[in-house]
Amino acid sequence: MSLLNLNWFKYAAPQRFYGLAGSLIPWFVVSGVILTIIGLVIGLGIAPTDHQQGDSYRIIFIHVPAAWMSMLLYLVMAFWAAIGLIFNARLASMLALSLAPTGAIMTFIALWTGAVWGKPTWGTWWVWDARLTTELVLLFLYFGFLSLHASIEDVRKADRSAALLAIVGVINVPIIYFSVKWWNTLHQGASVSLTKAPTMATQMLTGMLIMVFAFWMYSIAVALYRCRNLILERERHADWVKREL
Amino acid sequence: MYWSSFSDFIQMGGYALFVWGSYLVTIFVLIIEIALLRSRNKALRKTLISEIRESVRN
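My aim in this report is to walk through the structure given alongside it, one point at a time. Counting restarts for each chain: residues are numbered from 1 in the order of the written sequence. Each chain takes a letter, starting from A, and each ligand takes a number, starting from 1, following the order in which they are written. Reporting of local features is limited, given that this is a predicted model, to residues whose pLDDT is at least 70; pairs of side-chain atoms are given and counted only at 80 or more, and all residues count toward the totals for whole chains, interfaces and linings.

1. A short note on the overall build of chain B
Threshold: Under the DSSP-based scheme used, a helix requires at least four consecutive residues in state H or I and a strand at least two consecutive residues in state E, with every element numbered from the N terminus. Atoms considered for the radius of gyration are the C-alpha atoms alone. The globule rule reads 2.2 Å times the number of residues to the power 0.38. For every residue, the other C-beta atoms within 10 Å of its own C-beta are counted; 20 or more classify it as buried, 12 or fewer as exposed, and values in between as partly exposed. C-beta atoms are placed from the backbone.
Looking only at helices and strands, one finds two helices and zero strands in chain B. Relative to the globule expectation of 10 Å for 58 residues, the C-alpha radius of gyration of chain B, 23 Å, shows a markedly less compact shape. Principal axes of the C-alpha set define a box for chain B whose edges measure 70 × 20 × 10 Å. For chain B, with 58 residues in total, the buried portion stands at 10%.

2. Quick notes on the overall build of chain A
Filter applied, for reference: This entry defines residue contacts through backbone-placed C-beta atoms, with two residues in contact when those atoms are within 7 Å.
Summing up its helical and strand segments, chain A has nine helices and zero strands in all. Taken from the N to the C terminus, the helices and strands of chain A come in the order α-α-α-α-α-α-α-α-α. Taking 2.2 N^0.38 as the reference for a compact globule, 245 residues should give roughly 18 Å; the C-alpha atoms of chain A span a radius of gyration of 20 Å, in line with that estimate. Projected onto its principal axes, the C-alpha coordinates of chain A cover approximately 60 × 35 × 35 Å. Expressed as a percentage of its 245 residues, the buried residues of chain A come to 39%. Put simply, of all contacts in chain A between residues at least 6 apart along the chain, 76% involve residues at least 24 apart.

3. Thoughts on unusual backbone geometry
Positioned with a positive phi, A:Asn88 is a non-glycine residue whose angle comes to about 55°. Mapped onto the elements of the fold, A:Asn88 is located in the loop between helix 3 (60–87) and helix 4 (90–122). Taking the number of C-beta atoms within 10 Å as the measure of exposure, A:Asn88 has 12 and is therefore exposed. In this structure, B:Met12 takes a positive phi of about 50° despite not being glycine. Mapping B:Met12 onto the fold places it in the loop between helix 1 (6–11) and helix 2 (16–57).

4. Some words on the environment of A:Leu75
Residues and elements named next belong to chain A. By the element assignment, Leu75 lies in helix 3. Residues Leu75 and Thr36 lie 39 residues apart in sequence; the distance between their C-alpha atoms is 24 Å. Ignoring anything within four residues of it in the chain, the contact list for Leu75 reads Val170 and Val173.

5. Some thoughts on the nonpolar core
Where we set the bar: The nonpolar core criterion groups buried Ala, Val, Leu, Ile, Met, Phe, Trp, Tyr and Cys residues into a set whenever they are joined through C-beta atoms within 7 Å.
Ranked by internal contacts, the top residues of the largest apolar core, which has 69 residues, are A:Met77, A:Ala81 and A:Ala96. Breaking this core down by element, the ones donating at least two residues are helix 2 (14–46), helix 3, helix 4, helix 5 (130–151), helix 6 (155–169) and helix 8 (202–234) of chain A together with helix 2 of chain B. With sequence-adjacent residues up to four places away left out, A:Ala81 is seen in contact with A:Ser93, A:Ala96, A:Ala162, A:Ala163, A:Ala166 and A:Ile167.

6. So, the interface of chain B and chain A
In plain terms, the rule: Just so you know the grouping, Ala, Val, Leu, Ile, Met, Phe, Trp, Tyr, Cys and Pro go in nonpolar, Asp, Glu, Lys and Arg go in charged, and all remaining residues, Gly too, go in polar.
Contacts between the two partners involve 27 residues from chain B, matched on the other side by 31 residues from chain A. Split by residue class, the side of chain B that touches chain A holds 17 nonpolar, six polar and four charged.

7. A word on helix 2 of chain A
All names here are of chain A. As a reminder, the rule being used: The span expected for a helix works out to 1.5 Å for each residue beyond the first. The angle between axes fitted to the seven-residue stretch ending at a residue and the seven-residue stretch beginning at it gives the bend at that residue.
With 33 residues, helix 2 ought to run about 48 Å at 1.5 Å a step, and its terminal C-alpha atoms sit 45 Å apart, in line with that. The largest bend in helix 2 is about 30°, located at Leu24, with the proline Pro26 one to four residues further on. Against helix 3, helix 4 and helix 8 lie the buried residues of helix 2.

8. Side note on helix 6 of chain A
Residues that lie three or four places apart on an α-helix share one face, since the helix turns once every 3.6 residues. All names here are of chain A. Inclusion rule: Regarding the arc, it is the one traced by the directions from the helix axis to the C-beta atoms.
Compared with the 21 Å implied by 1.5 Å per residue over 15 residues, the 21 Å span of helix 6 between its first and last C-alpha is a close match. Of the residues making up helix 6, those classed as buried are Asp159, Ala162, Ala163, Ala166 and Gly169. For helix 6, the arc enclosing every buried residue in end-on projection is 125°, short of the 170-degree limit, so these residues lie on one face. Among the exposed residues of helix 6, those pointing more than 90 degrees away from its buried face are Lys157 and Val168. In this fold, the buried residues of helix 6 make contact with helix 3, helix 4, helix 5 and helix 7 (172–182).

9. Structural notes on the environment of A:Ile210
Residue and element names in this part refer to chain A. By secondary structure assignment, the location of Ile210 is in helix 8. Classification of Ile210 as buried rests on a count of 22 C-beta atoms within 10 Å. Separated by 71 residues in sequence, Ile210 and Leu139 place their C-alpha atoms 25 Å apart. Not counting residues within four places of it along the chain, the set of residues in contact with Ile210 comprises Leu35, Ile38, Gly39 and Ile42.

Next comes the structure, spelled out in C-alpha cells:
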C-alpha cells in the first residue's frame, strides 16, 4: 500500500525534480567512475586476445555500449517527448531535450569506433551496409530533433514539433537492431542477445557488460545535469529559482 | 593480467592506432560534453543572478 500511497506525480513538478536530480547526480557519477575503472581493467588488462581479430577487438568495450546507448536513449527520448506531447507535461519535454545531445554523442562514438574497428578487420573505414547506414540515420534524427527544437522560438511549440519528429523516428531503432538479421551485412550479427547464449569468452562478456552499465551511469548523470540547466532556464521567473540562486 | 609488459599493453598487439584511437576520441568527446554543460551552468547562473538583482533594483 505504501507504494500506492506515494505521490509519484510529486516529481513531475520541475522544482521537486530539480532537487531530486541534484541529489541523485553524485551517485550516478561515483558508480559510473567505479564501473568504468573495473570495466577497463577487465577489458584492457585481463581479458584474453581474440584469435581472429587480435587485440583490435578491444574496441568492443566502448563500441557496443555506445551503440546500445544510442538506440536506448533514442527510445527513452521519444517516450518522454510523447508523454510531454500527450499530457502537456513540461518536465517530460525537458527530459526528452536533455537526452538528445547525449544520444547524438553516443551515436557518434558508435560510428567512430566502428570505423576505426572496421579498418583493421574489414579493410575499410566505411561501407554503406544496412547496419552502418541506419545508425548514421539515427545520428541525423538526433540532429534533426535538436535543430528543429532550436529553430522554433516558443519552447512549448518547439517541444511539440520536435516530439512528433522523435516519435516518427522511432521506426528506425528496430531497423538498426534487426538490420544484421534482415540483410546480408558486412557487420557481424549480435554477439549477445536475449534468445541465445552469448558467443564470447566470459571475461570479454563481463568487461563489456560492466562498460554498458558505466555508459548508463554516465548518460543518466549527464542528462540529469542538462535537465537541471533547462529547468533553471525555463523556470527563471519562478520564486523558487530566485531562492535557489 | 594478460600483458607481460607495459609496452606490450601500449602496442596492443600491433593495433595501437586503432584501439587507442577509439578510446582517446571517446574520452575527448565525453570530456567536451561535461565541460560544455558546466560552463553553460555557470553562465546561466550568472545571467539569472544579474537578472534578479536588476529586478530588485527597479
